[in-house]
Amino acid sequence: HYHDYYEIFILLDGAAKHLVNGTVIPLKKNDMVFIRPSDTHDYASYDGKTFSMLNITFTTETAEQIFDYLGEGFPSKTLTDALLPPFVHLNAGELAVFNARMAAVRAISSDDASLRKTVLRTLIFDIFTKYYSDFSSNSHTVPLWLEELCSEIRKSGSFTDGSKKLFSLTDK
């Protein structure tokens, strides 16, 4: 699917395949992805296993205002023009802080939409400045075949079987 707004999502539990712009990117718990309106994407589970995620959506106007405020020193054009959506992996402490901030957003009364909007925009701003301020389009992801190979080699007995097992897993 695609949409006319921006999205930041975090994989909270499990693992998933992110099918985006014709590429499959493996995601694991604590991965945070910045989706742009130009991205076509979908999600699939590994072997039917479940995963959960949290989405924050925001308008192009909000994104443009944040990028304008951050100025020319911020890589907004690189973020929005990269072939694949930028993503980062949060550590457990960072995820805990993020979850606490989202809980604070949810605790704001629905009657106070303007406060909720301000607190959420502050969170989005903080995400951009903390995690994406040094983004480079030269960033790359681990290919799916390598991720799957690593998963197989971690299984009991595979590693101790050595290179013979490795070659059998790669069909070489």
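Here, every reference points to the structure presented above.
The following paragraphs examine the structure supplied in this document. (Residues numbered from 1 in each chain as written. Predicted model: local features only at pLDDT ≥ 70, side-chain atom pairs only at ≥ 80, totals over all residues. Heavy atoms only, no water.)

Here's the deal with the sheet that holds strand β5 (residues 41-45)
Part 1: In space, the three strands of this open sheet follow the order β3-β2-β5, with antiparallel pairing throughout. Strand pairing shows two members of the sheet lacking a second neighbour, β3 (23-28) and β5, which therefore form its edges. In this sheet, adjacent strand axes meet at a mean angle of 30° when their direction is disregarded.
Part 2: Two strands pair when backbone bridges link them, and strand β2 (residues 15-20) and β3 are joined in this way by six bridges, in the antiparallel orientation. The residue bridging K17 from the neighbouring strand is P26, located in β3. (Pairing = 2+ DSSP bridges. Helix = DSSP H or I, 4+ residues; strand = E, 2+ residues; numbered from the N terminus. Axes fitted to C-alpha atoms, helices over the stretch in contact; angles between N-to-C directions.)

Looking at the nonpolar core
Part 1: In this structure, M32, F34, I56, F58, I127, F128 and Y132 are the most contacted members of the largest nonpolar core, which totals 26 residues.
Part 2: Going through the elements one at a time, β1 (6-13), β4 (31-35), β6 (52-58), α1 (60-70), α3 (92-107) and α4 (113-131) are the ones with two or more residues in this core.
Part 3: The dominant element in this core, judged by the number of residues it contributes, is α4, at five residues.
Part 4: Contacts of F58, omitting those with residues within four sequence positions, involve Y5, Y6, E7, I8, F34, A63, I124 and F128.
Part 5: In terms of nonpolar packing, the next biggest core, distinct from the first, is built from nine residues, L11, A16, I25 and L27 among them. (Core = buried A, V, L, I, M, F, W, Y, C linked by side-chain atoms within 4.5 Å. Buried < 20%, exposed > 50% of the residue type's maximum accessible area, 1.4 Å probe, protein only. Contact = heavy atoms within 4.5 Å.)

A few points about the sheet that holds strand β7 (residues 87-89)
Part 1: If you walk across this open sheet you meet the four strands as β6-β1-β4-β7, and the pairing is antiparallel. Since the sheet does not close on itself, it has two edges, and those belong to β6 and β7, each with one partner. Averaged over all adjacent pairs, the angle separating strand axes in this sheet is 15°, with direction ignored.
Part 2: Across seven bridges, the pairing between β1 and β6 is antiparallel. Across the sheet, the residue bridging to F9 is N55, located in β6.

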